[in-house]
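The chain contents come next:
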Amino acid sequence: MFFLSRSGRKYLDLLKVHPVKTKAMTSVTLMAAADVAVQSRSEEPLDPIRTLRFASFGFVFGPSGHAWYGLLERVFKPSASL
């Protein structure tokens, strides 16, 4: 449990210091892991090129999500009364 809380704090610190890079790397990691998980369910051998291609989408969508949600926060001012 100590490891999870320490790594969670480190992740949140990285989000504050390097939000776009952190979100890009998080998306790359999750997209690659998801593709490997899907491929492991198949009879076919693992295709690393496919995994790299799929992970590259994470590199694009992580930072674009950061920009998108930043725009939404500016356009629709969030309220603290939720």
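This text follows the structure it describes.
A. View of the packing of aromatic side chains. Summed over all chains, the structure comprises one aromatic pair. Taking 6.1 Å as the distance between ring centres and 15° as the angle between the ring planes, the aromatic pair formed by Phe57 and Phe61 counts as stacked. With Phe57 and Phe61 both in helix H3 (residues 48-75) and four residues apart, this pair spans about one turn of that helix.

B. Looking closely at the packing of helix H2 (residues 19-40) against H3. For the pair H2 and H3, the least separation of the axes is 7 Å and the interaxial angle reads 145°. The two elements H2 and H3 cross, and the hand of that crossing is right-handed. Between H2 and H3, the residues in contact are Pro19, Val20, Lys23, Ala24, Ser27, Val28, Met31, Ala32, Asp35, Val36, Val38 and Gln39 and Arg50, Thr51, Phe54, Ala55, Phe57, Gly58, Phe59, Gly62, Pro63 and His66, respectively. Counted by class, the contact of H2 with H3 contains 13 nonpolar, six polar and three charged residues.

C. Region of the structure containing H2. Taking 1.5 Å as the rise per residue, H2 with 22 residues should run 32 Å; its terminal C-alpha atoms sit 31 Å apart, in good agreement. Listed in full, the buried residues belonging to H2 are Thr22, Ala24, Ser27, Val28, Ala32, Asp35 and Gln39.

D. Inspection of the environment of Ala55 at higher detail. Summarising the element assignment, Ala55 is placed in helix H3. Sequence separation between Ala55 and Met31 is 24 residues; the distance between their C-alpha atoms is 5.0 Å. Leave out the neighbours within four places in its chain, and Ala55 touches Val28, Met31 and Ala32.

Parameters at a glance
- Residues numbered from 1 in each chain as written.
- Predicted model: local features only at pLDDT ≥ 70, side-chain atom pairs only at ≥ 80, totals over all residues.
- Heavy atoms only, no water.
- Phe/Tyr/Trp six-rings, centres within 6.5 Å; stacked < 30°, edge-to-face > 60°.
- Helix = DSSP H or I, 4+ residues; strand = E, 2+ residues; numbered from the N terminus.
- Axes fitted to C-alpha atoms, helices over the stretch in contact; angles between N-to-C directions.
- Left-handed = near helix turned anticlockwise from the far one by under 90°.
- Contact = heavy atoms within 4.5 Å.
- Nonpolar A, V, L, I, M, F, W, Y, C, P; charged D, E, K, R; others polar.
- Expected span 1.5 Å × (residues − 1).
- Buried < 20%, exposed > 50% of the residue type's maximum accessible area, 1.4 Å probe, protein only.

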